Every structure is written in structure tokens, then in C-alpha cells.
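Survey of secondary and tertiary structure
The lines below spell out each chain.
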Amino acid sequence: MTPAQAPHEPLQGPEVPVPPAPVIRMRGVTRTFPSPPPVTALRSCELTVLPGEYVAVVGPSGSGKSTFLNLLGLLDRPSSGTYELDGIDTGTLAESRRTALRGQRIGFVFQSFHLLPHRTAAENVALAQLYNRTPRGGRRAAARDVLQRVGLGHRLDALPTRMSGGERQRVAIARALVNEPSLLLCDEPTGNLDSVTADRVMTLFEELHATGLTLLVITHDRDVAARAGRTVTIRDGVLRPGVAAPSGGRA
Ligand SMILES: Nc1ncnc2c1ncn2[C@@H]1O[C@H](COP(=O)(O)OP(=O)(O)OP(=O)(O)O)[C@@H](O)[C@H]1O
Ligand SMILES: [Mg+2]
């Protein structure tokens, strides 16, 4: 009950909304690579990310960031612990179901863009829809809409080889968004960009976040992390809330 509630609004009723499931719910996640000798890259990690949150994950080299991203992106499975994506327990799913879930619910953005160099911006984005059921004409329209959303409506037919780093990363972001994912997972998204261009990409993330998108950004860069709504730190495979002391000292 809030004092601001309008008098004619019922306080309770059949339509009391059920809170949405967290986008990410990881509990007790450990990942050990069996390589001789075995390496435990993540230990007992706990993370809950609610819809619409913007979370940065920071940590030094070798701390477990990519291992963590691979688990979140359903590219790898935990050795123990559970991971629910949008309330779905992913550990019990067959590989084909995990692949489908990844395609429908997760958009990836990487440091090095991973665009097809001989396809236009619009084609790169449209190709990401091959595995959903959008008909061909609809794919082109959806690609145009999402490229407009990232400020590239005027570059639909440009080849990545003729684009700046910032433009390429915008195409990659458009491609990640075209299937309307629940979660945008970004691995060092500004790692190949100069500071001005990186700043523009961060502004785009803020705009997307303002429209309700859930983002998780892995970064070395504390300035990038500072612009997220919340930061978690990984050190030696252990996840902790907040920003830890700079590396050098022991966490
Ligand atoms: N396939 C593997 N087999 C064995 N050990 C691995 C494997 N992948 C990663 N590791 C080890 O797990 C630890 C975490 O690696 P990870 O790649 O997750 O670190 P990172 O934080 O992404 O580092 P960087 O910032 O350098 O990318 C490291 O000690 C790494 O050597
Ligand atoms: Mg890494």
C-alpha cells in the first residue's frame, strides 16, 4: 500500500502481478577444467540479475571472467551448482534446447565485433534471424529498425571493412538485439575502441538500459564499470559484490 495509490485503484484483486523471474539466477556455481592439473576457474558463485538491471563484472586477467561469460551464455556448463535463465533451469536441458534458448534469449557482443566482412551491415544483422521464424522480407525490415535504433539507419548497405570501430560495434550490438533477447552479454565491448568511441558505445548501452534491456558487461575498464547500475568483482574465481581494491593487494 502506498500513500500515492489512486483511491479508485483496488488494493488487491485477481490481477495482482507475479514478480518476473530473475533473468539470471546462479547458485553455488563452480567450474573446474579437468586439464591435468585440474583448474578451478570459478568457485561457488552466486549471482541474481533482475529484469532491467545493468551489471558490470570486473576482474584482473585470469580471474575467470570469460569462463563466467561462457556459463551465462550457455556455451559451457557448470561442474556443480545451478543456473536459471528467465526461471528456466538450464542444467537439465539437452544441448539442442540450450542452443535454442541461447538464440532466443541471449545477445552477445564481443571485443572484436565478429562481423562478416563481405556482408553489409543490414545483412550481418538479418543473418542473425535465420534461426527464428521471421520471413525474409521481415528480416530486412527488422534489421533496418534495429540499426536505426543504434544510430546507423544511414549505413544499412555499408560493409564492415568501410566502417569505423565504433560503427562496427554498433552493428554488432544491433545484431545482438534483433531477436529481442532477455539479456545482452558483452565481453570487453570497448576493448578495441578509442576513448571517445567507447564513450559513445557506453551512452548507447545507457539508452538501451533506459528502454528496459537487461545488460551484463564484462570489462577491465573501471570507467566502463562505473557507468553500470551495479558492479560485481571476480578475483581468483570468486565473485563478490562491488568493486574490490585495485589488484596488487589481496582481495
Ligand atoms: N579450457 C581450459 N582449461 C584449463 N584451464 C582453463 C581453461 N580455460 C580457462 N582456464 C583457466 O581458468 C582461469 C580463468 O580463465 P578465464 O579465461 O576465465 O580468465 P579471464 O578473467 O577471462 O582472463 P582475461 O582477462 O585474460 O581474458 C585461468 O587460470 C585460465 O588459465
Ligand atoms: Mg577473458
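Everything numeric in this text was worked out from a predicted model, so none of it was measured.

What follows concerns the overall build of the chain. When you go through the chain residue by residue, the secondary structure sums to seven helices and 10 strands. Relative to the 2.2 N^0.38 estimate, which gives 18 Å for 251 residues, the radius of gyration of the chain is 20 Å and therefore close to what a compact globule would have. The C-alpha extent of the chain, read off along each of the three principal axes, is 60 × 50 × 40 Å. For the chain, the proportion of its 251 residues judged to be buried stands at 42%. Taking as baseline every contact in the chain between residues at least 6 positions apart, the subset at least 24 positions apart corresponds to 67%. As presented, the chain carries roughly 13,300 Å² of accessible surface, and 53% of it is formed by carbon and sulfur atoms. Side-chain charges in the chain split into 29 positive and 23 negative, and the spacing between the mean points of these groups amounts to 6 Å.

It is worth spelling out the layout of surface pockets at this point. Of the pockets and cavities examined, the largest pocket occupies roughly 590 Å³. Of all the secondary-structure elements, those providing two or more residues to the lining of the largest pocket are α2 (95-105), β6 (106-110) and α5 (165-177). Counting residues per element, the lining of the largest pocket draws most heavily on α2, which supplies five residues. A class-by-class count of the residues in the lining of the largest pocket yields eight nonpolar, eight polar and two charged. A volume near 200 Å³ is recorded for the second largest pocket. At the level of elements, α3 (121-127) and α4 (136-149) are the ones that each hand at least two residues to the lining of the second largest pocket.

The subject of this paragraph is the nonpolar core. Core analysis: the largest hydrophobic core is formed by 40 residues, its most contacted members being Val125, Leu147, Val171, Ile173, Leu184 and Phe205. Mapped onto this core, the elements with two or more residues apiece are β3 (54-58), α3, α4, α5, β7 (183-187), α6 (195-210), β8 (214-219) and α7 (222-226). If we skip the residues at most four places from it in the chain, Leu184 touches Gly107, Val109, Ala176, Leu177, Phe205, Leu213, Thr214, Leu215 and Leu216. In this structure, Val29, Val55, Ile106 and Leu216 belong to the second largest nonpolar core, which totals 28 residues.

Next up on the list: the sheet that holds strand β9 (residues 230-235). Taken together, six strands build an open sheet; the order of strands is β6-β7-β8-β3-β9-β10 and the sheet is mixed. One side of each edge strand has no neighbouring strand; the edge strands of this open sheet are β6 and β10 (238-241). The average undirected angle you get between the axes of adjacent strands in this sheet is 20°. Packed on one face of the sheet, helix α1 (residues 65-72) meets β3, β6, β7, β8, β9 and β10 and runs near 155° to β7.

What counts, and where the lines are drawn
All chains use their own residue numbering, which begins from 1 and follows the written sequence. Written order decides the labels, with chains lettered from A and ligands numbered from 1. With pLDDT at 70 or above as the cut-off, local features in this predicted model cover only qualifying residues; side-chain atom pairs require 80 or more to be listed or tallied, and sums for whole chains, interfaces and linings still use all residues. Each side-chain value is worked out from all heavy atoms of the structure, with water and hydrogens disregarded. By the criteria applied, helices consist of DSSP H or I runs no shorter than four residues and strands consist of E runs no shorter than two, each listed in order from the N terminus. Just to be clear, the radius of gyration here is over C-alpha atoms, and the globule rule we use is 2.2 Å times residues to the power 0.38. Only protein chains enter the area calculation, which uses a 1.4 Å probe; residues under 20% of their type maximum are buried, those over 50% are exposed, and those in between are partly exposed. By the convention used here, residues are in contact when the closest approach between their heavy atoms is within 4.5 Å. Here the Shrake-Rupley method, with its probe set to 1.4 Å, supplies the accessible areas, and only the displayed protein chains count as covering residues. For the charge count, each Lys or Arg is scored as positive and each Asp or Glu as negative, with His and the chain ends excluded. Charge positions come from single atoms, namely NZ of Lys, CZ of Arg, CG of Asp or CD of Glu. Here a cavity is any set of points on a 1 Å grid over the protein atoms alone where a 1.4 Å probe fits but cannot get out, and a pocket is any open set with protein on both sides within 12 Å along at least 5 of 7 lines; a residue lines the site when it has an atom within 4 Å of a point. Grid points are joined across faces, edges and corners, and a volume is the space filled by probe spheres set on the points. Residue polarity is assigned by list, with Asp, Glu, Lys and Arg as charged and Ala, Val, Leu, Ile, Met, Phe, Trp, Tyr, Cys and Pro as nonpolar; anything else, Gly included, falls into the polar class. Nine residue types can take part in a nonpolar core, namely buried Ala, Val, Leu, Ile, Met, Phe, Trp, Tyr and Cys, and a core is a set of them joined through side-chain atoms within 4.5 Å. A pair of strands is treated as paired once DSSP finds two or more bridges between them. Whenever a helix is involved, its axis is fitted only over the stretch in contact; in every case the axis is a line through C-alpha atoms, and angles between N-to-C directions fall within 0 to 180 degrees.

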